[in-house]
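# Tertiary structure, described
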Protein chains: 2
Amino acid sequence: MKRMQAEVHVKEILQTGAELTDLALERLLPPGDATPSSIHRAMRHSTFAGGKRLRPILVMEAARMIHCHQNGGGELPEGVEELGAAIEMLHTYSLIHDDLPALDNDELRRGKPTCHVVFGEAIAILAGDALQTLAYQTLSRLRCPAMAAVEIVRLVADATGTVEGMIGGQVLDLEGEHSKPTAESVDAIHRAKTGALIRVSVVSGGVYAGGDREDVQRLTEFGRKAGLAFQIVDDILDVTQDSEQLGKTAGKDLASDKATWPAVFGIEESRVHAAKLVDEAFAALAPYGGAAEGLKAVARYLVERTH
Amino acid sequence: MKRMQAEVHVKEILQTGAELTDLALERLLPPGDATPSSIHRAMRHSTFAGGKRLRPILVMEAARMIHCHQNGGGELPEGVEELGAAIEMLHTYSLIHDDLPALDNDELRRGKPTCHVVFGEAIAILAGDALQTLAYQTLSRLRCPAMAAVEIVRLVADATGTVEGMIGGQVLDLEGEHSKPTAESVDAIHRAKTGALIRVSVVSGGVYAGGDREDVQRLTEFGRKAGLAFQIVDDILDVTQDSEQLGKTAGKDLASDKATWPAVFGIEESRVHAAKLVDEAFAALAPYGGAAEGLKAVARYLVERTH
């Protein structure tokens, strides 16, 4: 019974969070007919391609937790969905560029043709660039004190940069395609390529809500472990699901000898490791007691999901 | 005699400004051997390819003018070269992506092989991305009050975005390649593609130095006109210089039917228009009296240069 309630609860969090994010993105992206229209249509094509908005939902639940811990009540800090939208823009920009012929050369993403397939390579490159820019246009207009906004820009930019950030992970991934993956290389790539943006989602959400240095440390610890668990589950799904369920070409990671957890450790050991990481991540949230329930429910969903 | 002194003066401003910018870029870019090294070498290849650092110099002279107007003395506000370096990173990222095979397909830039020629397309795309990111990592660490830093992020991100910003200009330029350029289309492309970054260089320099709303308005007016004059001169040089003097393929704009001033108005009328714009730009700086001399000298150089 308790389990069923938790499931209802997380479904509601996921649905409301995705809706709030979509509304914010709809407001923040220029209309598809605004000049120059080709790039605005391209930005919208990839932004509204059926993403689950997991990163914005992590932003919101982390912000809700800190807000609730400080003030009681369960509501979201006003305007936090715009921070979530900015992080989703950065995620989308990285997918558009990752899918380009010169990089992963993917023609499908979530079952839909990728940006360059529809709009051509030139516009896809610029649409990715523009989503990165729009993320900072958005961060510079957040409804939080200027000190917090500058800290958020710093955290987000660092997490998406070349030194242990998202772009660094993309480069390590590219470079590693032709050598045998090791436990160490898999870990370094995941930590940077996917982990850093997941981590900064929860940390920046906490800063937005007024979190102090201790909150930032706890959320960093939580985000680091939950982010790695998320990527391990992603890798497992790539092996165990077929392309239709996954909405992209399944088994591609294994075929291209990419560094993944199941390739190095096998599926069972990978599952055990992901579950262990989530337990460790939860321990970092102990000081928040019941206020952490929403964030924990989302993290549990991330590693128990089947698609 | 007065003329000669002015020339000595502007040469000194240009040289000192370029040196300060290079030192800041050297500090701010990760070393070429930092992991993952390929992207850091690519970022450095394009950043240190012999650029004249005109935008950072505009940042510094605008900041010096506002600082001097408020406090007297002629020195630069501390740390302003880091703002200049961030804007140079954004300029460099746009050049790397503009040169890609899917866009302008240029193999030479300032006489050197372009980023994708040396490092491949994948790394060139990511190096451009990373320079944009590093610009915001840099802006989030500026040595100015948080309120000013957030305003600078907003101004810079807006100026490089799709709506009347740099990326918007790139798209208009791409889309216009196959239709006959008109006075209106040339103006819109220039204002966005090059003008917006020149304009935000002087405006953000003023904000960094503590400029108020009136200063921002004057610098916006000055930057808009000086930026357009700069681009007109660039177009004229593309027609009148040969490739060796220019360090890139000369006459390419005309050959590809790109929207340029000389193509629409002829060289002589374009020169007259550029000179008129600079005079109008100077009028906006009248309230600063002698404090504006450095900024005016740089603007004069921009339209009188022969390469």
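Structural notes, computed from the coordinates. Small disclaimer: the values here were computed from a predicted structure and weren't measured.

## Quick notes on the interface of chain A and chain B
Facing the 44 residues of chain A at the interface are 44 residues of chain B. Both sides of the chain A and chain B interface together cover about 3600 Å² of buried area, and 72% of this is carbon and sulfur. There are two salt bridges connecting chain A and chain B. Between D158(B) and R141(A) there is a salt bridge, with its nearest N and O atoms 2.6 Å apart. Put simply, chain A and chain B have 14 residue pairs in polar contact (both at pLDDT 80 or more) between them. Contributions of two or more residues to the side of chain A that touches chain B are made by α2 (37–47), α4 (80–98), α6 (121–139), α7 (146–159) and α8 (166–176) of chain A. Examining the composition of the side of chain A that touches chain B, we find that eleven residues originate from one element, α6(A), more than from any other. Taken together, the residues of the side of chain A that touches chain B break down into 25 nonpolar, 13 polar and six charged.

## A word on the packing of aromatic side chains
All names here are of chain A. Under the criterion given, the structure shown has three aromatic pairs over all chains. Judged by centre distance (4.2 Å) and plane angle (25°), the rings of W261 and F265 are stacked. Of this pair, W261 and F265 both sit in helix α13 (residues 261–265), four residues apart, which is roughly one turn of the helix. Residue placement shows K296 over the ring face of F282; its charged tip is 5.3 Å from the ring centre.

## A closer look at the packing of α8(A) against helix α6 (residues 121–139) of chain B
In contact at an axis separation of 10 Å, α8(A) and α6(B) are set at 165° when each is read in the N-to-C sense. By the angle between their axes, α8(A) is roughly antiparallel relative to α6(B). Regarding α8(A) and α6(B), the two cross each other, and that crossing is left-handed. Between α8(A) and α6(B), the contacting residues are I167(A), Q170(A), V171(A) and L174(A) on the first element and A122(B), I123(B), L126(B), D129(B), A130(B) and T133(B) on the second. Broken down by class, the residue content of the contact of α8(A) with α6(B) amounts to seven nonpolar, two polar and one charged.

## Some points on the pattern of salt bridges
Residues and elements named next belong to chain A. Within the structure shown, the criterion is met by 38 salt bridges over all chains. In this structure, R44 and E26 form a salt bridge, with 3.1 Å as the shortest nitrogen-oxygen distance. Pair noted here: R44 is in helix α2 and E26 is in helix α1 (residues 2–28), with a separation of 18 residues, a long-range link. Exposure remark for R44: the relative accessible area of 15% places this residue in the buried category. Given a relative accessible area of 43%, E26 falls into the partly exposed group. Put simply, R27, E78, E81, E82 and R143 are held in one network by salt bridges that share partners.

## Looking at helix α15 (residues 293–304) of chain B
Over its twelve residues, α15(B) extends 16 Å from the first C-alpha to the last, a length consistent with the 16 Å expected when each residue adds 1.5 Å. Considered for burial, the residues of α15(B) that qualify are G294(B), L295(B), K296(B), A297(B), V298(B), A299(B), L302(B) and V303(B).

## Some remarks on helix α4 (residues 80–99) of chain B
With 20 residues, α4(B) extends 29 Å between its outermost C-alpha atoms, agreeing within 8% with the 28 Å of an ideal straight helix rising 1.5 Å per residue. With respect to burial, α4(B) is a largely interior element, 20 of its 20 residues being buried.

## A word on the relation of the copies chain A and chain B
Mapping chain A onto chain B is achieved by rotating through 180° and translating by 0.0 Å along the same axis, at an RMSD of 0.0 Å. Each copy turns onto its partner about a two-fold axis. Taking the C-alpha atom as reference, chain A places A146(A) closest to the rotation axis, 2.7 Å from it. Comparing interface residues between copies, 100% of those in chain A also sit at the interface in chain B, which points to an isologous, same-surface contact.

## Focus on the nonpolar core
Membership of the largest hydrophobic core comes to 193 residues, with the highest contact counts inside it found for Y136(A), F222(A), Y136(B) and F222(B). Setting aside residues up to four positions removed in sequence, F222(A) forms contacts with V202(A), A281(A), F282(A), A284(A), L285(A), L295(A) and A299(A).

## Regarding the environment of L28(A)
Residues and elements named next belong to chain A. The residue L28 is located in helix α1 in this model. The exposure class of L28 is partly exposed, given its relative accessible area of 24%. Separated by 168 residues in the primary sequence, L28 and A196 have C-alpha atoms spaced 24 Å apart.

## Comments concerning unusual backbone geometry
Going from T35(A) to P36(A), the amide bond is cis rather than trans, its omega being -5°. On the secondary structure map, P36(A) appears in the loop between α1 and α2. Although it is not a glycine, N105(B) sits at a positive phi angle of roughly 50°. With phi around 60°, E164(B) is a residue other than glycine that occupies positive phi space. Its place among the elements puts E164(B) in the loop between α7 (146–159) and α8 (166–176). Judged by its relative accessible area of 64%, E164(B) falls in the exposed class.

Criteria and cut-off values
- Residues numbered from 1 in each chain as written.
- Chains lettered and ligands numbered in written order.
- Predicted model: local features only at pLDDT ≥ 70, side-chain atom pairs only at ≥ 80, totals over all residues.
- Heavy atoms only, no water.
- Contact = heavy atoms within 4.5 Å.
- Buried area = accessible area lost by both parts, 1.4 Å probe.
- Salt bridge = Lys/Arg side-chain N within 4 Å of Asp/Glu carboxyl O.
- Polar contact = N/O pair within 3.5 Å; in protein donor to acceptor, adjacent residues only side chain to side chain.
- Helix = DSSP H or I, 4+ residues; strand = E, 2+ residues; numbered from the N terminus.
- Nonpolar A, V, L, I, M, F, W, Y, C, P; charged D, E, K, R; others polar.
- Phe/Tyr/Trp six-rings, centres within 6.5 Å; stacked < 30°, edge-to-face > 60°.
- Lys NZ or Arg CZ within 6 Å of the ring centre and 35° of its normal.
- Axes fitted to C-alpha atoms, helices over the stretch in contact; angles between N-to-C directions.
- Parallel < 35°, antiparallel > 145°, perpendicular 65-115°, else oblique.
- Left-handed = near helix turned anticlockwise from the far one by under 90°.
- Buried < 20%, exposed > 50% of the residue type's maximum accessible area, 1.4 Å probe, protein only.
- Expected span 1.5 Å × (residues − 1).
- Least-squares fit on C-alpha atoms with pLDDT ≥ 70 in both.
- Core = buried A, V, L, I, M, F, W, Y, C linked by side-chain atoms within 4.5 Å.

Worth remembering: the numbers are spatial, not functional.
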